[in-house]
Amino acid sequence: MVYDNKLIEELQTKAKQIRKDVVVSIGVGVAGHIGGSNSSADIVTALYFYKMKHDPVNPKMEDRDRFLLSKGHVAILQYAALSEAGYFPVADLKTTKEIGSYLQGHPDVLKTPGIEAGTGSLGQGLSIGLGMALGMKLDGIGRKVYVLCGDGEMAEGQIWEAAMAASAYKADNLVAILDRNGLQANGKIVDRMNSNPIIEKWEGFGWNVIEIDGHNMQEILSALDEADTVKGKPTMIVANTVKGKGVSFAENVVGFHNGMLTEENYKQAIAELS
């Protein structure tokens, strides 16, 4: 499917702003997950500003799509999207991880509007998402649950238990998205717990699999819309991405999985995203 150029440009601009918000959230001299936040920014932008039905005025409305950030350590990405969508002031992003702030290092469902579940103990998000998806089917809610996972997270056994269960229960209202940037906290995926060949694995577990360029907005929108047409099985969107996308010194650099910005780094990142 081909999408209107104006829509694509608006979403690309929003994604760049969200990456800038991520940098602002990290600030200077404090470690923050710029790598995995920036690699997923286009995907999260497409979800919040194109695909999902949600309401910042009524975050808990029953007839809403759900988004779960299984890789909860990149919470600053979701905070950026939520603030840009109107759930809370963008200015509050500067308080991230401060004592007393409602914006902490991992999502807190009790404190932050728009958060569906506390996540960040890796591997659990897909199980939670499956439970929500099956519950919505029982309640007759015709919406989707979207779960964003990291490729380092594919080493967690619970991911594959959830994958098998989702297929067995024909959870076609569940869409997982894999941020496949090839790096985790301590190095390359292929040099650690190598989860490849990832596409064949998900297909083997009975999922509909769509592979895309995770920075191509046309492909992202098309994949999300295609998932709506799939019946009788869950969908996994494998998004090939670049760790730290948009900030030149952080791109494909393991050290910026959870890196600290100097004053010079910070100014450069803001300039590149402005």
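You'll find the structure just up there.
Keep in mind that this is a model prediction, so the values were computed, not measured.

Caption draft 1: Layout of the overall build of the chain. From N to C terminus, the chain includes eight helices and nine strands. Here the C-alpha radius of gyration of the chain, 17 Å, is about what a compact globule of 274 residues would show, namely 19 Å. Its C-alpha atoms give the chain principal-axis dimensions of about 50 × 45 × 40 Å. Counting the 274 residues in the chain, one finds 52% classified as buried.

Caption draft 2: Broad picture of the environment of M154. Secondary-structure assignment places M154 in the loop between β3 (145-150) and α5 (157-168). Overall, M154 belongs to the buried group, its relative accessible area being 3%. Taking the C-alpha atoms as reference, M154 lies 26 Å from M260; in sequence the two are 106 residues apart. Filtering out sequence-adjacent residues up to four positions away, M154 remains in contact with C149, I159, W160, L178, S195, I198 and W202.

Caption draft 3: Spatial organisation of the pattern of salt bridges. According to the stated counting rule, one finds eleven salt bridges in the structure shown. The salt bridge partner of D63 is K53, with a shortest N-O separation of 2.5 Å. Residue D63 is located in the loop between α2 (34-51) and β2 (66-69), and its partner K53 is located in the loop between α2 and β2; the two are separated by ten residues in the primary sequence. Classification of K53 by relative accessible area gives partly exposed; the value is 33%. Residue R64 pairs with E116 through a salt bridge whose shortest N-O separation is 2.8 Å. A residue pair is termed long-range when its members are at least 10 positions apart, and R64 in the loop between α2 and β2 and E116 in the loop between α3 (75-85) and α4 (125-138) qualify at 52 residues. For the pair shown, R64 and E116 are each scored as buried.

Caption draft 4: Broad picture of unusual backbone geometry. Of the consecutive residues N196 and P197, the connecting peptide bond is found in the cis state with omega at 0°. Its place among the elements puts P197 in the loop between β6 (187-188) and α6 (198-204). The residue K170 is not glycine, and still its phi comes out positive at about 50°. Residue position: K170 is located in the loop between α5 and β4 (174-180).

Caption draft 5: Main features of the pairing of strand β7 (residues 208-213). As defined by bridge partners, β7 adjoins strand β8 (residues 235-240) across six bridges and the pair is classed as parallel. Residue pairing in the sheet places I210 in a bridge with I237 of β8. Viewed along the sheet, the connection from β7 through helix α7 (residues 217-227) into β8 turns out right-handed.

Caption draft 6: Focus on the nonpolar core. Grouped together as the largest cluster of nonpolar side chains are 54 residues, with contacts concentrated most on V23, L47, F67, Y79, I177, L224 and I237. Broken down by element, the residue count for this core peaks at eight residues, all from α3. Beyond its immediate sequence surroundings of up to four residues, I177 is in contact with I43, L47, V147, L148, C149, L224, M236 and I237. Grouped together as the second largest cluster of nonpolar side chains are 27 residues, M154, A162, L178 and I199 included.

Caption draft 7: Quick peek at α5. Between its first and last C-alpha atoms α5 spans 17 Å; for twelve residues at 1.5 Å apiece the expected length is 16 Å, and the two agree. Those residues of α5 that sit buried are I159, W160, A162, A163 and A166. Projected down its long axis, α5 shows its buried positions confined to an angular sector of 160°, all on one face. Exposed side of α5, more than 90 degrees from the buried face: E161, M164 and A168 are the residues found there. Two residues or fewer past α5, K170 is found with a positive phi of approximately 50°.

Caption draft 8: Molecular detail of the sheet that holds β2. Taken in spatial order, the five strands line up as β2-β3-β4-β8-β7 in an open sheet, and their pairing is parallel. The sheet terminates laterally at β2 and β7, the two strands that pair on one side only. Between one strand axis and the next, the sheet turns through 20° on average, direction left out of account. Examined bridge by bridge, β3 and β4 share six bridges and lie parallel to one another. The partner of V145 across the bridge, within β4, is L174. Against the sheet, α2 touches β2, β3, β4 and β8, its axis set at about 150° to β4.

Thresholds applied
Residues numbered from 1 in each chain as written. Predicted model: local features only at pLDDT ≥ 70, side-chain atom pairs only at ≥ 80, totals over all residues. Heavy atoms only, no water. Helix = DSSP H or I, 4+ residues; strand = E, 2+ residues; numbered from the N terminus. Rg over C-alpha atoms; globule rule 2.2 N^0.38 Å. Buried < 20%, exposed > 50% of the residue type's maximum accessible area, 1.4 Å probe, protein only. Contact = heavy atoms within 4.5 Å. Salt bridge = Lys/Arg side-chain N within 4 Å of Asp/Glu carboxyl O. Pairing = 2+ DSSP bridges. Right-handed = clockwise from strand over helix to strand, strands pointing away. Core = buried A, V, L, I, M, F, W, Y, C linked by side-chain atoms within 4.5 Å. Expected span 1.5 Å × (residues − 1). Arc of directions from axis to C-beta. Axes fitted to C-alpha atoms, helices over the stretch in contact; angles between N-to-C directions.

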